[in-house]
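Geometric and topological summary
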Number of protein chains: 2
Amino acid sequence: MAETHSLELLVQALRRLPGVGVKSAQRMAFHLLQHDREGALKLAQALQHAVAQVKHCSLCHTFTEDDVCPTCRDARRDRSQLCVVENPADQSALERTGAYRGLYFVLMGKLSPLDGVGPRDIGLEKLFDRVDRRVDGEREVREVILATNFTAEGETTAHVISQGLKSRGVSVTRLARGVPVGSELEYVDLGTIAHALVDRR
Amino acid sequence: MAETHSLELLVQALRRLPGVGVKSAQRMAFHLLQHDREGALKLAQALQHAVAQVKHCSLCHTFTEDDVCPTCRDARRDRSQLCVVENPADQSALERTGAYRGLYFVLMGKLSPLDGVGPRDIGLEKLFDRVDRRVDGEREVREVILATNFTAEGETTAHVISQGLKSRGVSVTRLARGVPVGSELEYVDLGTIAHALVDRR
């Protein structure tokens with residue numbers, strides 16, 4: 001495949017996608033050109049359209065095409081609760097439960113000192129400004145729910161945020177750790193069981 | 001992520017890539033919009049450029065931007081040998097060996113009755129026309145080397161091609177089956193060892 005210049009450029013461009021190596025990129029380019037040129041053009045348009053249209057919500061920082069995303073605009077949501085998640089996929093997992101009716105703040109990342117990602121890179125200042133936001137002189141947010149992942153980076157991120165919010169007089173909570181629904185104790189890791197014991201109710 | 005229309009379209013378009021499910025497509029879209037918008041635009045351009053520029057070589061049927069690909073145009077290559085491969089990746093594997101100086105015919109597929117891929121879909125007529133091509137009244141191709149893969153579909157394809165070439169007075173050969181270089185007999189499958197015994201030299 002090395003002879004065709006525009007094919008080579010396509011393979012290189014596909015390799016910038018996360019998780020795509022040179023073999024997968026070649027297979028993708030081959031598939032699109034041989035079997036799905038319409039799909040290739042649709043993908044090109046979708047990329048250009050998304051880059052042009054998608055920006056960040058000025059309140060919760062998630063992807064949106066408007067200044068303020070539909071969730072933050074929704075008048076039926078409880079504006080006193082703010083749930084902090086790492087990314088839009090986590091937000092949509094929480095939304096699918098139907099158990100939460102407050103608002104969100106999407107970090108679009110997590111603290112990861114090893115990868116050089118510090119507080120400024122994940123917009124913690126924006127989060128603190130969001131929490132400090134006042135409507136009619138009153139602080140709107142009364143509870144911040146930390147729903148970062150239960151990984152080392154997610155825990156660090158939650159810790160740093162809770163430190164930053166300490167002096168602000170809002171209540172800071174964390175998603176409960178415990179035994180997953182439908183699982184058998186025998187197969188649950190010990191750390192989880194220990195947490196479920198401590199947090200028993 | 002469900003709220004943003006152009007993001008949703010991007011995820012759908014990415015899912016048309018082979019081997020990309022909804023989770024990978026979301027991760028790709030997220031990565032491009034959050035960390036690599038330049039890469040997204042480059043990919044869009046590369047796709048449009050490739051769809052507009054890449055066509056099939058009129059002689060060997062591989063991808064090329066010209067009427068005849070650089071390999072088929074190369075005057076230093078042996079025009080009496082024609083190696084039949086399934087796709088451009090197989091061709092480039094053969095090229096990398098440096099052991100072959102003849103020409104190619106790229107099927108851009110393989111016979112696969114279960115998937116509804118018949119002789120017409122992989123352009124066998126074109127291959128036969130190519131073999132019948134005469135220069136100064138003489139048949140140019142004297143040997144057809146079948147280098148389709150050693151899978152069920154590849155073997156079937158090779159068989160059908162050799163049947164079609166029987167009456168044409170060209171010699172038809174198949175890549176040798178045998179023990180891979182660098183491997184230990186203990187770990188080689190029995191079918192391969194059996195073939196290596198029969199084809200011993």
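In the block above lies the structure referred to throughout.
Summarised in this report is the structure supplied together with it. (Residues numbered from 1 in each chain as written. Chains lettered and ligands numbered in written order. Predicted model: local features only at pLDDT ≥ 70, side-chain atom pairs only at ≥ 80, totals over all residues. Heavy atoms only, no water.)

Some thoughts on the sheet that holds strand E8 (residues 171-174) of chain A
Residues and elements named next belong to chain A.
- Here we have four strands laid out as an open sheet, ordered E4-E3-E7-E8, and parallel in their pairing. Of all the strands in the sheet, just strand E4 (102-106) and E8 have a single pairing partner and so form its edges. Averaged over neighbouring strand pairs, the angle between their axes works out to 25° when direction is ignored.
- Pairing of strand E3 (residues 78-85) with E4 involves five bridges; the strand directions are parallel. Pairing of Asp-78 across the sheet is with Gly-102, part of E4.
- Helix H7 (residues 152-165) rests against E3, strand E7 (143-146) and E8 of the sheet, and its axis sits at about 170° to E8. (Pairing = 2+ DSSP bridges. Helix = DSSP H or I, 4+ residues; strand = E, 2+ residues; numbered from the N terminus. Axes fitted to C-alpha atoms, helices over the stretch in contact; angles between N-to-C directions. Contact = heavy atoms within 4.5 Å.)

Side note on the interface of chain A and chain B
- Facing 50 residues of chain A, the contacting portion of chain B comprises 50 residues.
- Across the chain A/chain B interface, buried area totals approximately 4,800 Å², and carbon plus sulfur atoms make up 68% of it.
- Sorting the residues of chain A by area buried against chain B places Arg16(A), Leu47(A) and Phe63(A) first, and these three jointly supply 14% of that buried surface.
- Connecting chain A to chain B are two salt bridges. (Buried area = accessible area lost by both parts, 1.4 Å probe. Salt bridge = Lys/Arg side-chain N within 4 Å of Asp/Glu carboxyl O.)

Quick look at the packing of helix H1 (residues 5-14) of chain B against helix H2 (residues 22-35) of chain B
Residues and elements named next belong to chain B.
- Running from N to C, H1 and H2 cross one another at 125°; their axes reach a closest spacing of 8 Å. One element, H1, and the other, H2, form an angle in the oblique class. Note on packing geometry: the crossing formed by H1 with H2 is right-handed. Residues Leu-7, Leu-10, Val-11 and Leu-14 of H1 touch H2, and the partners they reach there are Val-22, Ala-25, Gln-26, Met-28, Ala-29 and Leu-33.
- Taken together, the residues of the contact of H1 with H2 break down into nine nonpolar, one polar and no charged. (Parallel < 35°, antiparallel > 145°, perpendicular 65-115°, else oblique. Left-handed = near helix turned anticlockwise from the far one by under 90°. Nonpolar A, V, L, I, M, F, W, Y, C, P; charged D, E, K, R; others polar.)

Re unusual backbone geometry
- One non-glycine residue with positive phi stands out, namely His61(A), at about 75°.
- Structurally, the position occupied by His61(A) is in the loop between strand E1 (55-56) and strand E2 (63-64).

Some words on the pattern of salt bridges
Residue and element names in this part refer to chain A.
- Inspection of every chain in the model, using the stated rule, returns 28 salt bridges over all chains.
- Salt-bridge contacts for Glu-140 lead to Arg-79; the nearest nitrogen and oxygen are separated by 3.3 Å. Of this pair, Glu-140 sits in the loop between strand E6 (138-139) and E7 while Arg-79 is found in strand E3, placing the two residues 61 residues apart along the sequence.
- Under the relative-accessibility criterion, Glu-140 is labelled buried at 15%.
- Bridged by salt links that share partners, the residues Arg-79, Arg-130, Arg-133 and Glu-140 form one connected network. (Buried < 20%, exposed > 50% of the residue type's maximum accessible area, 1.4 Å probe, protein only.)

Function cannot be inferred from these measures alone, as they are strictly geometric.
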